[in-house]
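# Coordinate analysis (summary)
Below are the chains, spelled out letter by letter.
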Amino acid sequence: DAFVPIAIAIAITKNGKAIEFIPESFTLVDAKGNAVPAAGYEELTHGYDKIGFDRSLIRMRPIVVGSYVAELRPIAASFYPPPDSGTRTARVELASFTWFADTFYFPRPPAGLGGVLTLKVAIPGVDPVEVRFVATAEELAGR
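Here goes a summary of the coordinates provided. (Residues numbered from 1 in each chain as written. Predicted model: local features only at pLDDT ≥ 70, side-chain atom pairs only at ≥ 80, totals over all residues. Heavy atoms only, no water.)

## Topic: the side chain of D30
By the secondary structure assignment, D30 is in the loop between strand 3 (26-29) and strand 4 (35-37). In this structure the side chain of D30 is engaged in a polar contact, spanning 3.0 Å, whose partner is the backbone nitrogen of K32. In this structure D30 touches P109, P110, A111, G112, V116 and L117, once residues within four positions along its chain are discounted. (Helix = DSSP H or I, 4+ residues; strand = E, 2+ residues; numbered from the N terminus. Polar contact = N/O pair within 3.5 Å; in protein donor to acceptor, adjacent residues only side chain to side chain. Contact = heavy atoms within 4.5 Å.)

And the structure:
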């Protein structure tokens with residue numbers, strides 16, 4: 001497919017100032033260093049018809065967070081709701097001891113999804129947080 005759904009959970013586990021997240025905060029980097037920003041909602045809804053299907057898969061196999069996160073206050077987020085089914089979240093602001101989880105969409109990177117991928121999360125005032133991961137063929141197929 002032209003777009004790649006990636007489930008993301010972010011938690012603030014200590015005191016400090018609130019941090020705002022918007023889709024533009026997220027970038028996916030493929031194994032060859034090609035970076036693609038998170039898809040725009042209009043771009044996604046006009047070029048991808050599987051948002052509802054993706055959400056049902058993620059409900060069946062939700063992202064797993066540790067107990068230290070599950071005990072924090074969850075903040076609702078829906079950056080990419082299926083068209084005509086709910087209100088879209090434009091931004092999430094996490095204060096101390098809160099967390100959110102949602103699925104973000106990225107255009108398929110030029111080098112594909114093989115090898116080590118990096119999710120970069122921009123946070124104002126500090127270097128981006130980078131999370132590296134590998135997706136297996138089964139995970140990519142939703143199995």
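Don't stop here, the text continues.
## Considerations on the environment of D1
Of note, D1 is situated in the segment before strand 1 (3-12). Distance from D1 to Y48, taken between C-alpha atoms, is 8.0 Å for residues 47 residues apart in sequence. If near-sequence neighbours (up to four positions away) are discounted, D1 is found in contact with Y48, K50 and R108. Within the structure, the side chain of D1 is placed 2.9 Å from the side chain of K50, a separation counted as a polar contact.

## Focus on the layout of surface pockets
Volume-wise, the second largest pocket comes out at about 350 Å³. Every element with two or more residues in the lining of the second largest pocket is listed here: helix 2 (51-60) and strand 7 (98-107). The element best represented in the lining of the second largest pocket is strand 7, accounting for 5 residues. Of the residues belonging to the lining of the second largest pocket, the class tally is 12 nonpolar, 1 polar and 3 charged. (1 Å grid on protein atoms, 1.4 Å probe; cavity = no way out; pocket = protein on both sides within 12 Å on 5 of 7 lines; lining within 4 Å. Points joined across faces, edges and corners; volume = space filled by probe spheres on them. Nonpolar A, V, L, I, M, F, W, Y, C, P; charged D, E, K, R; others polar.)

## Let's talk about the side chain of S96
Topologically, S96 is positioned in the loop between strand 6 (92-94) and strand 7. At 3.4 Å, the side chain of S96 and the backbone oxygen of K14 are in polar contact.

## What about the pattern of salt bridges?
The tally for this structure, following the rule as stated, stands at 6 salt bridges. The shortest N-O distance in the salt bridge between E20 and R91 comes to 3.3 Å. With E20 in strand 2 (residues 19-21) and R91 in the loop between strand 5 (73-74) and strand 6, this pair connects stretches of sequence that are 71 residues apart. We note a salt bridge from E93 to R91, for which the minimum N-O separation is 3.2 Å. Assessed through its relative accessible area of 44%, R91 is described here as partly exposed. (Salt bridge = Lys/Arg side-chain N within 4 Å of Asp/Glu carboxyl O. Buried < 20%, exposed > 50% of the residue type's maximum accessible area, 1.4 Å probe, protein only.)

These figures come from the coordinates and say nothing about function on their own.
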